[in-house]
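# Tertiary structure, described
The primary structure of each chain is shown beneath.
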Amino acid sequence: MNQSKNPAPYLLFSLLLIIIDQASKLLVHKYMDPGFSGQIALIGNWLKLHYVLNPGMAFGMQLGHEYGKLFLTLFRLVAMVAIGGYMIHLARAGASKGLLWALAMILAGAVGNVIDSTFYGVFLENAPYGSPTPWFHGQVIDMIFVDFWEGFIPDWVPVWGGQYYSTPIFNIADSCIFIGVCSILIFQGSFHSSGAQEDEQDQKMEENGYTPDYDATAQSHPLPSTPAENAATDISTTEKTEREDDINKKESI
């Protein structure tokens, strides 16, 4: 039987990543100029900070429709709630810790970009020109630029063919989603095996009569005695006292 886990640590981890993501975006918005004029080299010429606004999906992809952005934001909202609920369900079902940490990263990434899409069009006034409403049409702030390729995509490539591209510019929320998904794909076997090992350990503990939660609770908060138990304790104490008196009398004689 799987041992239920407290989902709070994983939710707090997601919250921490969301705070880091939002702080990085707001700092870039406040202190950097958009485009190449405000670009900052971090490591050589291949890792840079480059402030751009992304009106679409992760890594700059877009939905080419008038209401594509609204649909994308609503989809992100639904996905955010679904991922959070699924992670809590898996934690209570006793899923592997590795799987829960990965889902926490995916949840953080989803929430981070939802905040941009939902509110930035109003509070940062960065909604694209002609948007039906600034709500749910905010543009996501991207800034991490791993610059190792740029050029034209061949015409035979679907969707992007015949256009000029460079390597994607992304943000911390995108990174969380990418790392979380890759972790699940790469380590899914170990996630299941570690979950099975945890179940086996729990089963061995139960077979040996050891239940950590119950034992700790019992030691710190012993159960009150029933009237019958109290009466039995009183009788045994009285009999013990009478036997000790008899022994003392015989020794005195």
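Criteria and thresholds
- Residues numbered from 1 in each chain as written.
- Predicted model: local features only at pLDDT ≥ 70, side-chain atom pairs only at ≥ 80, totals over all residues.
- Heavy atoms only, no water.
- Axes fitted to C-alpha atoms, helices over the stretch in contact; angles between N-to-C directions.
- Helix = DSSP H or I, 4+ residues; strand = E, 2+ residues; numbered from the N terminus.
- Parallel < 35°, antiparallel > 145°, perpendicular 65-115°, else oblique.
- Left-handed = near helix turned anticlockwise from the far one by under 90°.
- Nonpolar A, V, L, I, M, F, W, Y, C, P; charged D, E, K, R; others polar.
- Patch = residues over 30% accessible without salt bridge, like charges linked within 9 Å, V, L, I, M, F, W, Y side chains within 5 Å.
- Areas by Shrake-Rupley, 256 points an atom, 1.4 Å probe, with all protein chains shown as cover.
- Salt bridge = Lys/Arg side-chain N within 4 Å of Asp/Glu carboxyl O.
- Contact = heavy atoms within 4.5 Å.
- Expected span 1.5 Å × (residues − 1).
- Buried < 20%, exposed > 50% of the residue type's maximum accessible area, 1.4 Å probe, protein only.
- Bend = angle between axes of the 7 residues up to and from the residue.
- Polar contact = N/O pair within 3.5 Å; in protein donor to acceptor, adjacent residues only side chain to side chain.
- Pairing = 2+ DSSP bridges.
- Core = buried A, V, L, I, M, F, W, Y, C linked by side-chain atoms within 4.5 Å.
- Phe/Tyr/Trp six-rings, centres within 6.5 Å; stacked < 30°, edge-to-face > 60°.
- Lys NZ or Arg CZ within 6 Å of the ring centre and 35° of its normal.

### Notes on the packing of helix α1 (residues 8–31) against helix α3 (residues 97–123)
The geometry of α1 relative to α3 is characterised by a closest axis approach of 8 Å and an angle of 40 degrees between their N-to-C directions. By the angle class used here, α1 and α3 are oblique. The chirality of how α1 crosses α3 is right-handed. Looking at side-chain class alone, the contact of α1 with α3 contains 16 nonpolar, four polar and four charged residues.

### Side note on a nonpolar patch on the surface
On the surface, a cluster of nonpolar side chains totalling about 380 Å² of accessible area is made up of Ile 40, Leu 42, Ile 43 and Trp 46. Structurally, Trp 46 can be placed in the loop between β1 (40–43) and β2 (47–54).

### Remarks on the environment of His 29
Residue position: His 29 is located in helix α1. Sequence-wise, His 29 and Leu 53 are 24 residues apart; in three dimensions their C-alpha atoms are separated by 9.8 Å. Apart from residues lying up to four places away in sequence, His 29 is in contact with Tyr 51, Leu 124 and Ile 141.

### Here we look at α1
An ideal rise of 1.5 Å per residue puts 34 Å on 24 residues; α1 measures up with 34 Å between its terminal C-alpha atoms. Those residues of α1 that fall on the buried side of the exposure criterion are Tyr 10, Ser 14, Leu 17, Ile 18, Asp 21, Gln 22, Ser 24, Lys 25 and Val 28.

### Details of α3
Taking 1.5 Å of rise per residue, 27 residues should cover 39 Å, and α3 covers 37 Å from first to last C-alpha, within 8% of that figure. Maximal helix bending in α3 amounts to about 35 degrees, located at Ser 117. Taking burial as the measure, the 27 residues of α3 include 20 buried ones, the bulk of the element. Its side-chain oxygen at 3.3 Å from the backbone nitrogen of Gly 98, Ser 96 defines the N-terminal cap of α3. Phi for Glu 125, located one or two positions after α3, is positive at around 55 degrees.

### Quick word on the pattern of salt bridges
Summed over all chains, the structure comprises three salt bridges. Residue Lys 25 is joined to Asp 21 by a salt bridge in which the shortest nitrogen-to-oxygen separation is 2.9 Å. Separated by four residues within a single helix, Lys 25 and Asp 21 lie in helix α1, roughly one turn from each other. Residue Asp 21 is classed as buried on the basis of its relative accessible area, which comes to 1%.

### Some thoughts on the pairing of β2
The pairing of β1 with β2 spans three bridges and is antiparallel. Across the sheet, Ala 41 pairs through a bridge with Lys 48, a residue of β2.

### Let's talk about the side chain of Asp 147
Inspection of the secondary structure assignment puts Asp 147 in the loop between β3 (140–146) and β4 (150–152). If we skip the residues at most four places from it in the chain, Asp 147 touches Asn 45, Trp 46, Lys 48 and Thr 167.

### Quick notes on the nonpolar core
Among the nonpolar cores identified, the biggest contains 22 residues, and Met 87, Leu 90, Leu 99, Leu 100, Leu 103 and Leu 107 are the most heavily contacted of them. The contacts of Leu 100, once residues within four sequence positions are left out, are Lys 5, Tyr 10, Met 87, Leu 90, Ala 91 and Ala 95. Among the nonpolar cores identified, the runner-up in size contains ten residues, and Val 28, Leu 47, Ile 141 and Phe 170 belong to it.

### Some details on the side chain of Gln 22
Within the fold, Gln 22 resides in helix α1. Overall, Gln 22 belongs to the buried group, its relative accessible area being 11%. When neighbours within four sequence positions are excluded, Gln 22 is seen to be in contact with Gly 112, Ile 115, Asp 116 and Tyr 120.

### What about the packing of aromatic side chains?
All told, the structure shown has six aromatic pairs when counted by the stated rule. Between Phe 13 and Trp 101 the ring centres are 5.3 Å apart and the planes differ by 90 degrees, which places this aromatic pair in the edge-to-face class. Here Trp 101 lies in helix α3 and Phe 13 lies in helix α1, a separation of 88 residues in the sequence. The class of Phe 13 is partly exposed, set by a relative accessible area of 26%. Among the aromatic residues, those joined into a ring-pair cluster are Tyr 10, Phe 13 and Trp 101. Seen from the ring of Tyr 31, Lys 30 lies directly overhead, with NZ or CZ sitting 5.6 Å from the centre.

Nothing here speaks to function; it is all geometry.
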